[in-house]
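Given next are the chains, with one letter for each unit.
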Amino acid sequence: MENFGEKLKELRLEKGLTQKELARELGNAQSAIYYWETNKQEPTLSALKKLCKFFDVSADYFIGLED
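A. Summary view of the packing of helix H2 (residues 19–26) against helix H3 (residues 30–37). In contact at an axis separation of 8 Å, H2 and H3 are set at 110 degrees when each is read in the N-to-C sense. Of the possible angle classes, the one that applies to H2 and H3 is roughly perpendicular. Regarding H2 and H3, the two cross each other, and that crossing is right-handed. Together, Gln19, Lys20, Leu22, Ala23 and Leu26 of H2 and Gln30, Ile33, Tyr34 and Glu37 of H3 make up the contact between the two elements. Of the residues assigned to the contact of H2 with H3, the class counts are 5 nonpolar, 2 polar and 2 charged.

Right, dumping it as structure tokens:
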């Protein structure tokens, strides 16, 4: 099963975005995207909501409850 960071990176690359571009879209630092993608940190609930809206996926998808 893919983990959160792998899913985030896959979605970001599907949209053709760099970490810096995604960070700008979400109002986060590029380092936050890096830490999330490498599973060094988890996003806050508000950041998770932004990610779900931006990528049009459910939180269940990100946390592994659905494919």
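Read on, since the account is not over.
B. Spatial organisation of the packing of aromatic side chains. On inspection of all chains with the given rule, the structure shows 4 aromatic pairs. Look at Phe54 and Phe55: their rings are 4.9 Å apart centre to centre, the planes differ by 85 degrees, and that puts the pair in the edge-to-face class. Residue classification places Phe55 among the buried positions, given a relative accessible area of 8%. Site record: aromatic cluster; members linked through ring pairs are Phe4, Tyr61 and Phe62. Across from the ring centre of Tyr61, 4.8 Å away, lies the NZ or CZ of Lys7, which sits over that ring. Seen from the ring of Phe54, Lys15 lies directly overhead, with NZ or CZ sitting 5.2 Å from the centre.

Each value, and the rule that gives it
Residues numbered from 1 in each chain as written. Predicted model: local features only at pLDDT ≥ 70, side-chain atom pairs only at ≥ 80, totals over all residues. Heavy atoms only, no water. Axes fitted to C-alpha atoms, helices over the stretch in contact; angles between N-to-C directions. Helix = DSSP H or I, 4+ residues; strand = E, 2+ residues; numbered from the N terminus. Parallel < 35°, antiparallel > 145°, perpendicular 65-115°, else oblique. Left-handed = near helix turned anticlockwise from the far one by under 90°. Contact = heavy atoms within 4.5 Å. Nonpolar A, V, L, I, M, F, W, Y, C, P; charged D, E, K, R; others polar. Phe/Tyr/Trp six-rings, centres within 6.5 Å; stacked < 30°, edge-to-face > 60°. Buried < 20%, exposed > 50% of the residue type's maximum accessible area, 1.4 Å probe, protein only. Lys NZ or Arg CZ within 6 Å of the ring centre and 35° of its normal.

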